[in-house]
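What follows is the residue order along each chain.
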There are 2 protein chains.
Amino acid sequence: MNFLEERIIKDGVVKEGNILKVDSFLNHQLDVELFDKMGAEWKERFKDVEINKILTIEASGIGIACVVARHFGVPVVFAKKSQSVNLDGEMYTAEVESFTHKNKNQVIVSKKFLNPDDKILIIDDFLANGCALQGLISIINQAGASVSGIGIAIEKGFQTGGQIIRNMGYRLESLAIVDGMDAATGEITFRK
Amino acid sequence: MNFLEERIIKDGVVKEGNILKVDSFLNHQLDVELFDKMGAEWKERFKDVEINKILTIEASGIGIACVVARHFGVPVVFAKKSQSVNLDGEMYTAEVESFTHKNKNQVIVSKKFLNPDDKILIIDDFLANGCALQGLISIINQAGASVSGIGIAIEKGFQTGGQIIRNMGYRLESLAIVDGMDAATGEITFRK
């Protein structure tokens, strides 16, 4: 087990409905020292690819992306989930459906922050059915930029998101892939 | 002028309606090296107070808070702006009105992440009329925790938020206080 899998075993809570609660360190209270370790790990895994920008999506992805970006020496752009009066000018948009919230959102990035020569690392906390990730890829494609890689903290390996992304040839590095969870016993099975 | 004021002059854009757009480095594209400098500055300004946790609010505050937290060696908790199906258990809530979005939101923090012995530094990107900040203070008070200080990147000094907070005796350290803006000339006046 790596450091993130160990932390999930220690502090993650399995709930009915295939919900894995990691809000004590990943997406409500944030352990920035853990994020720093994740950054070092992704920097090692993506050392052979060119990356000049990190793209993530609000809200939980932002903290991880910002700490990770310090390892790559690049800026972060975060996609917004709804129209904001402060977002003027031309925008890239994609419609995505949230697994957690069961609703549809517009994912929005201002055109001025994505360029055709950008080599982008996508960072997010969770990958389940992958709709948010598909929206981010759509936006990168609209900009004519390229996806250098995708770093996910926790992938739910029993849902289809990761498989679809790998089938499409993207380089996806999930730090923990959960293949099964049992709400009755609290047991979590990771992919080897 | 300090480093943040210089950056605002260089990359900020003044729009009609007292809007200061800093989305190229502060709240859409994120300059994490700048955030790191801000962290060092707040660490210096708050060196005499005890801080064991940083509290911020989604979404723009999260990235700043996480990079800043590395300087203090403490975790971050971010308040959520709407009810989430993933947020179970007992929560602290406060109702706040957004200056930017002209709507009311429930600000929510899970009770398990705020304790009576917490000494909290609040971090956020903007302070205008201060409603979001008042909501965070309300939640800290509900928890019986204490506010060690408040670090704001950009305070709009011509709105009442900062004055109210200082009148109430909170220690507020805004890195840039904008006393006036002119959309016609693009001129920005900082408080000395």
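All values derive from a computational prediction rather than experimental measurement.

### Describing unusual backbone geometry
Residues and elements named next belong to chain A.
Then, in step 1: Between Glu 58 and Ala 59 the backbone carries a cis peptide bond, its omega angle lying at 0°.
Then, in step 2: With respect to the secondary-structure elements, Ala 59 resides in the loop between strand 4 (53-57) and helix 3 (60-72).
Then, in step 3: Of note, the phi angle at Asn 18 is positive, near 55°, even though the residue is not glycine.
Then, in step 4: Owing to a relative accessible area of 34%, Asn 18 belongs among the partly exposed residues under this scheme.

### Concerning the sheet that holds strand 3 (residues 29-30) of chain A
Then, in step 1: With respect to topology, seven strands assemble into an open sheet ordered 3(A)-5(B)-4(B)-8(B)-9(B)-10(B)-11(B), the strand pairing being mixed. Unpaired on one side and paired on the other, strand 3 of chain A together with strand 11 (188-190) of chain B mark the two borders of the sheet.
Then, in step 2: Along the sheet, helix 2 (residues 32-45) of chain B contacts strand 8 (119-127), strand 9 (146-156) and strand 10 (172-181) of chain B; its crossing angle with strand 10 of chain B, the most-contacted strand, is approximately 115°.

### Considering the nonpolar core
Note that soluble globular proteins tend to have their nonpolar side chains buried in a common cluster.
Then, in step 1: In terms of nonpolar packing, the biggest core is built from 76 residues, with Ile 54 of chain A together with Ile 54 of chain B touching the most fellow members.
Then, in step 2: Leaving out residues up to four positions away in the same chain, Ile 54 of chain A has contacts with Ala 65, Val 68, Ala 69, Phe 72, Val 74, Pro 75, Val 76, Val 77, Leu 121 and Ile 123 of chain A.

### Side note on the packing of helix 1 (residues 3-11) of chain A against helix 2 (residues 32-45) of chain A
Residue and element names in this part refer to chain A.
Then, in step 1: Two elements in contact, helix 1 and helix 2, have axes separated by 10 Å at closest approach and are oriented at 150°. In this view, helix 1 runs roughly antiparallel relative to helix 2, as classed from their interaxial angle. For the pair helix 1 and helix 2, the contacting residues are Phe 3, Leu 4 and Arg 7 in the first and Leu 34, Lys 37, Met 38 and Glu 41 in the second.
Then, in step 2: Looking at the contact of helix 1 with helix 2 residue by residue, the classes come out as four nonpolar, no polar and three charged.

Rules used in this analysis
Residues numbered from 1 in each chain as written. Chains lettered and ligands numbered in written order. Predicted model: local features only at pLDDT ≥ 70, side-chain atom pairs only at ≥ 80, totals over all residues. Heavy atoms only, no water. Helix = DSSP H or I, 4+ residues; strand = E, 2+ residues; numbered from the N terminus. Buried < 20%, exposed > 50% of the residue type's maximum accessible area, 1.4 Å probe, protein only. Pairing = 2+ DSSP bridges. Contact = heavy atoms within 4.5 Å. Axes fitted to C-alpha atoms, helices over the stretch in contact; angles between N-to-C directions. Core = buried A, V, L, I, M, F, W, Y, C linked by side-chain atoms within 4.5 Å. Parallel < 35°, antiparallel > 145°, perpendicular 65-115°, else oblique. Nonpolar A, V, L, I, M, F, W, Y, C, P; charged D, E, K, R; others polar.

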